[in-house]
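Chain by chain, the residues run as shown.
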Number of protein chains: 2
Amino acid sequence: MTQTGDLGPEEWELWGAWTHAQRLLAQEIDTALQRDSGISKAEFSVLMTLWRADAGELRVGEIAASLRWDKSRVSHQLTRMEKRGFVTRSESGAHGRRTGITLTEEGRGAVREALTGHAGTLRRHFFAPLTPEQAAAIRAWSEGTIARLEGPGDTSA
Amino acid sequence: MTQTGDLGPEEWELWGAWTHAQRLLAQEIDTALQRDSGISKAEFSVLMTLWRADAGELRVGEIAASLRWDKSRVSHQLTRMEKRGFVTRSESGAHGRRTGITLTEEGRGAVREALTGHAGTLRRHFFAPLTPEQAAAIRAWSEGTIARLEGPGDTSA
DNA sequence: GCGTACGAGTTGACACGTCAACTTTCGCTG
DNA sequence: CAGCGAAAGTTGACGTGTCAACTCGTACGC
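Residue indices begin from 1 for each chain and proceed along its sequence in written order. For naming, the first written chain is A and the first written ligand is 1, with later ones following in the order written. For this predicted model, a pLDDT threshold of at least 70 governs which residues receive local features, and a threshold of 80 or more governs which side-chain atom pairs are given and counted, while totals over whole chains, interfaces and linings are taken from all residues.

The name that an unreviewed UniProt entry assigns to chain A is DNA-binding transcriptional regulator, MarR family, with the source organism given as Streptomyces griseoaurantiacus.

As structure tokens, then:
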């Protein structure tokens, strides 16, 4: 393994700028969502997932797979959102186990409320300033990164 | 404000891929750092900052400015790192207030230990797979994003 | 000198995310 | 059918990050 080690100053700078930009953007988007719709990015993601899959209910594992989140992360998030009244864990399995996640009315309202505004925020802060070449580069980089880091563990994709 | 709202499926997909890729990369890097050197990204950042500024000690505000972190975040991080024995808050101010953050021997050791490995990880997972065009695009995007989101609030840069 | 306002730093509460340990359920095999 | 092992889900502990409230010291005006 010929790991070259040491990075040049330019590289450290690029790395720093990149991570800084990511953080700023993520924060801007989260703040806007919180301000406009009173929910967080994480909540939005879960709400959207349940919203799209209008089979009415999903299981934890399905949400996790769809968002590519950890099972445990989903469970914790659902606990918080259940407390907020956005979702319910209903009986759906055979016996007594509570599987089956459903949106409450409040949850449905929250997604509807948030969708347009959030899409607008993304457009304004992410898509609009993106030149076509940048978009292409980012797409290529994202796909490559995903393939590289996730491919080995998940050959299905 | 003509906020266009709704994004097309391609856009949602790009957004999803991008955030997913980011998360995977960040996690990979953090895991590697943890495994190889026993410290986290956050710890590494603070250690590096103190390491570079070998005036021997920095103040919370200086670390915050250098990393572009929140003051409070730095303080919490320092509390954790003080507990781990990496830094000390020494008396440096005039009277009794503890300002002045210093690396302990252990802290110095940890940076030295981590530096090469971390640089190697970044090269392997970030720089190596990056084509020149992608690097250029990412640099441009990062700088633009920072200017757009931070510029208005901080005209100094 | 006295008070007051400001800046620096800390702290507590809380949301988020990861890991490891645990429980429960279900499928499979004998 | 009994048992066993994998899959699904939950939970607790902890590190991380943000926000708001607080403490303290210092500088300034009187």
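Picking up after the structure, the text goes on.
**Student:** Is there a simple way to explain the overall build of chain A in this structure?
**Tutor:** Under the scheme used here, helices are H or I runs from DSSP no shorter than 4 residues and strands are E runs no shorter than 2 residues, and both carry numbers assigned from the N terminus. Helix and strand counts for chain A come out as six helices and three strands. When the helices and strands of chain A are placed in sequence order, the string is α-α-β-α-α-β-β-α-α. Here chain A, with 157 residues, has 25% of them falling under the buried criterion. Within chain A, contacts between residues at least 6 apart in sequence are counted, and of these 48% link residues at least 24 apart. With C-beta atoms placed from the backbone, a residue is buried if 20 or more other C-beta atoms are within 10 Å of its own, exposed if 12 or fewer are, and partly exposed between those counts. By the criterion used throughout, residues are in contact when their C-beta atoms, derived from the backbone, lie within 7 Å.

**Student:** Teacher, can you tell me more about the interface of chain B and chain A here?
**Tutor:** For interface size, the figure often reported is the accessible area lost on association. On the chain A side, the residues contacting the 42 residues of chain B number 41 residues. Of all the secondary-structure elements, those providing two or more residues to the side of chain B that touches chain A are α1 (9-37), α5 (105-127) and α6 (132-150) of chain B. No other element matches the 16 residues that α6 of chain B contributes to the side of chain B that touches chain A. Broken down by class, the residue content of the side of chain B that touches chain A amounts to 20 nonpolar, eleven polar and eleven charged. Residues were grouped as follows: Ala, Val, Leu, Ile, Met, Phe, Trp, Tyr, Cys and Pro as nonpolar; Asp, Glu, Lys and Arg as charged; and all remaining residues, including Gly, as polar.

**Student:** Even after reading the chapter, I still don't get the packing of helix α6 (residues 132-150) of chain A against α6 of chain B, so can you show me in this structure?
**Tutor:** Describing two packed helices takes the angle between their axes plus the distance from one axis to the other. Orientation is described by lines fitted to C-alpha atoms, with helices fitted over the stretch in contact, and by angles between N-to-C directions that extend from 0 to 180 degrees. Two numbers describe how α6 of chain A lies on α6 of chain B: the axes approach to 9 Å, and their chain directions differ by 115°. The angle between α6 of chain A and α6 of chain B places the two elements in the roughly perpendicular class. By crossing handedness, the relation of α6 of chain A to α6 of chain B is classed as left-handed. For the pair α6 of chain A and α6 of chain B, the contacting residues are Glu133, Gln134, Ala137, Ile138, Ala140 and Trp141 of chain A in the first and Glu133, Gln134, Ala137, Ile138, Ala140 and Trp141 of chain B in the second. Its residues placed into classes, the contact of α6 of chain A with α6 of chain B shows eight nonpolar, two polar and two charged. The cut-offs work like this: below 35 degrees is roughly parallel, past 145 is roughly antiparallel, 65 to 115 is roughly perpendicular, and the gaps in between are oblique. Left-handed describes a crossing whose near helix is turned anticlockwise from the far helix through less than a right angle; right-handed describes the clockwise counterpart.

**Student:** How should the environment of Glu82 of chain B be read in this particular structure?
**Tutor:** Following the sequence through the fold, Glu82 of chain B ends up in helix α4 (residues 71-84). Ignoring anything within four residues of it in the chain, the contact list for Glu82 of chain B reads Val87, Thr88 and Arg89 of chain B.

**Student:** Would you take a moment to explain the packing of helix α1 (residues 9-37) of chain A against helix α5 (residues 105-127) of chain A for this structure?
**Tutor:** Residue and element names in this part refer to chain A. Relative to each other, α1 and α5 sit at 145°, their axes nearing to 10 Å. For the element pair α1 and α5, the recorded crossing hand is right-handed. Facing α1, whose interface residues are Leu25, Glu28, Ile29, Ala32, Leu33, Asp36 and Ser37, α5 presents Ala110, Glu113, Ala114, Gly117, His118, Thr121, Leu122, His125 and Phe126. Its residues placed into classes, the contact of α1 with α5 shows eight nonpolar, five polar and three charged.

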